[in-house]
Protein chains: 2
Amino acid sequence: MDLLKQKILTEGEVLDGGVLKVDNFLNHRLDIEFLNEVGLYFNDKFKNAGVNKIITIESSGIAIATITAQYLHVPVVFVKKNVHINLPDDVYIENVQSFTQKKDNKLVIAKKFINKGDKILILDDFLAKGNALNALINMVEKAGANIVGIGIVIEKVFQGGGDRIRERGFDVYSLAKIKSMENNHIVFED
Amino acid sequence: MDLLKQKILTEGEVLDGGVLKVDNFLNHRLDIEFLNEVGLYFNDKFKNAGVNKIITIESSGIAIATITAQYLHVPVVFVKKNVHINLPDDVYIENVQSFTQKKDNKLVIAKKFINKGDKILILDDFLAKGNALNALINMVEKAGANIVGIGIVIEKVFQGGGDRIRERGFDVYSLAKIKSMENNHIVFED
């Protein structure tokens, strides 16, 4: 997606430790006109996949999932992080090491919102080491639901998460793939 | 908003301590067709207010803000909770007691995303005691920006937050106002 690559180059900022800061359009300030283009790309890719539900992870995935859901005419369920749980029997929980936050996150989703036979599209803003995405796939599989697509806005290929997920047998569709960010120089794949 | 009241009555669940659980359409699963109606209501109310930016609080406010922003053609900035701060000079921070989570939250917004003279529409899913909304108003005022509207999906009038904000001189537009929830019986105002 050329517009995305352009925005990464002009508005993104490479921080220490392999962090790409894109808070001007994706993570803090949301450029809605741009995210609408992202939604169109995901719709175009997944419109014939039979999706009946989009699952994403709070918070930055929610805007992308919401816009894509408008095109696909399906509901969104967002996985919560670190919520206080009263009734663990009612939820799936996975512990995940966060790449950017240097701490463990507990991912939580109510069992009633993933059903056997669901055809789920997973969407998220970033794919780095793939810990959160792996955990989310585990939850969907525990529920006996099917993953019919995985869409990512920015994949940092050099951190290996995409390979890990593809090795599990899933197709990952990323709108921008970053091959390296050495010396603050962003190089895209392809 | 009649559709919202209907959904609260049929899908909402009153929990102990004045908590209204609406995770089937607003807080965990997002009913996008319904949220689109919410966005239309907010657009209709605020389209002539000169809004140039919507501010909301992660996570449940993001979907509503995103959809409303599509109609108003403005960006969204979402306030973050409890993020690790490297550069406190670059952000506004407010500590807030959360009603549902029984703990303190740190609300954080980058200074660069609220500018003097901005005409800001604040949107959020719930208004209970008003702690988070009060903190958000403080941040906007510190930045010298103007609040041209406040839109809430569900106001729990009996918890007093709306009165508190209105006493500060702000008009609060709530799509459903709940007067009481005693004995699991939801009574709306008007």
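Before reading further, recall that the structure is shown in the block above.
Structure report, in brief.

Calculation rules
- Residues numbered from 1 in each chain as written.
- Chains lettered and ligands numbered in written order.
- Predicted model: local features only at pLDDT ≥ 70, side-chain atom pairs only at ≥ 80, totals over all residues.
- Heavy atoms only, no water.
- Contact = heavy atoms within 4.5 Å.
- Buried area = accessible area lost by both parts, 1.4 Å probe.
- Salt bridge = Lys/Arg side-chain N within 4 Å of Asp/Glu carboxyl O.
- Polar contact = N/O pair within 3.5 Å; in protein donor to acceptor, adjacent residues only side chain to side chain.
- Helix = DSSP H or I, 4+ residues; strand = E, 2+ residues; numbered from the N terminus.
- Pairing = 2+ DSSP bridges.
- Buried < 20%, exposed > 50% of the residue type's maximum accessible area, 1.4 Å probe, protein only.
- Axes fitted to C-alpha atoms, helices over the stretch in contact; angles between N-to-C directions.
- Parallel < 35°, antiparallel > 145°, perpendicular 65-115°, else oblique.
- Left-handed = near helix turned anticlockwise from the far one by under 90°.

1. Focus on the interface of chain A and chain B
Link 1 in the chain: Listed per partner, the contact involves 30 residues of chain A and 30 residues of chain B.
Link 2 in the chain: Note on chain A versus chain B: buried area summed over both sides is about 2600 Å², and carbon and sulfur give 58% of it.
Link 3 in the chain: When residues of chain A are sorted by the area they lose upon contact with chain B, His28(A), Ile32(A) and Phe113(A) head the list and together hold 24% of the total.
Link 4 in the chain: Counting across the interface, chain A meets chain B through 2 salt bridges.
Link 5 in the chain: Here chain A and chain B share 18 residue pairs in polar contact (both at pLDDT 80 or more) between them.
Link 6 in the chain: At the level of secondary structure, the elements contributing two or more residues to the side of chain A that touches chain B comprise helix H2 (23–27), strand S3 (29–30), helix H3 (32–46), helix H4 (60–72), strand S5 (76–81) and strand S7 (104–110) of chain A.
Link 7 in the chain: Here the side of chain A that touches chain B gets 7 residues from one element, more than from any other, and that element is H4(A).
Link 8 in the chain: Here S5(A) pairs with strand S3 (residues 29–30) of chain B via 2 bridges, running antiparallel.

2. Some remarks on the pattern of salt bridges
Link 1 in the chain: A complete count under the given rule lists 20 salt bridges over all chains for this structure.
Link 2 in the chain: With its nearest N and O atoms 3.3 Å apart, the salt bridge here joins Asp23(B) to Lys112(A). In this pair, Asp23(B) sits in the loop between strand S2 (19–21) and S3 while Lys112(A) sits in the loop between S7 and strand S8 (119–127), so the two residues belong to two different chains.
Link 3 in the chain: Measuring nitrogen to oxygen at the nearest pair gives 3.8 Å for the salt bridge that ties Lys177(B) to Glu189(B). Pair noted here: Lys177(B) is in strand S10 (residues 173–180) and Glu189(B) is in the segment after strand S11 (187–188), with a separation of 12 residues, a long-range link.
Link 4 in the chain: Linked through salt bridges whose partners overlap, the residues forming this network are Lys7(A), Glu11(A) and Asp31(A).

3. Quick look at the pairing of strand S8 (residues 119–127) of chain B
On any regular strand, side chains alternate: one points to one face of the sheet, the next to the other face.
Residue and element names in this part refer to chain B.
Link 1 in the chain: Burial analysis of S8 places 8 of its 9 residues in the buried class, the great majority of the element.
Link 2 in the chain: The sheet contact formed by strand S4 (residues 53–57) and S8 spans 3 bridges and is parallel. If you follow Lys53 over to S8, its bridge partner there is Ile120.
Link 3 in the chain: Across 8 bridges, the pairing between S8 and strand S9 (residues 146–156) is parallel. Counterpart to Leu121 in the pairing with S9 is Gly149.

4. Digging into the packing of H4(A) against helix H3 (residues 61–72) of chain B
Link 1 in the chain: Taken N-terminus to C-terminus, the directions of H4(A) and H3(B) make an angle of 55°; their axes are 9 Å apart at the nearest point. One finds that H4(A) runs oblique with respect to H3(B). Regarding H4(A) and H3(B), the two cross each other, and that crossing is right-handed. Facing Ile62(A), Ala63(A), Thr66(A), Ile67(A) and Gln70(A) of H4(A), the residues of H3(B) in contact are Ile62(B), Ala63(B), Thr66(B), Ile67(B) and Gln70(B).

Bear in mind that shape data such as this cannot, by itself, settle questions of function.
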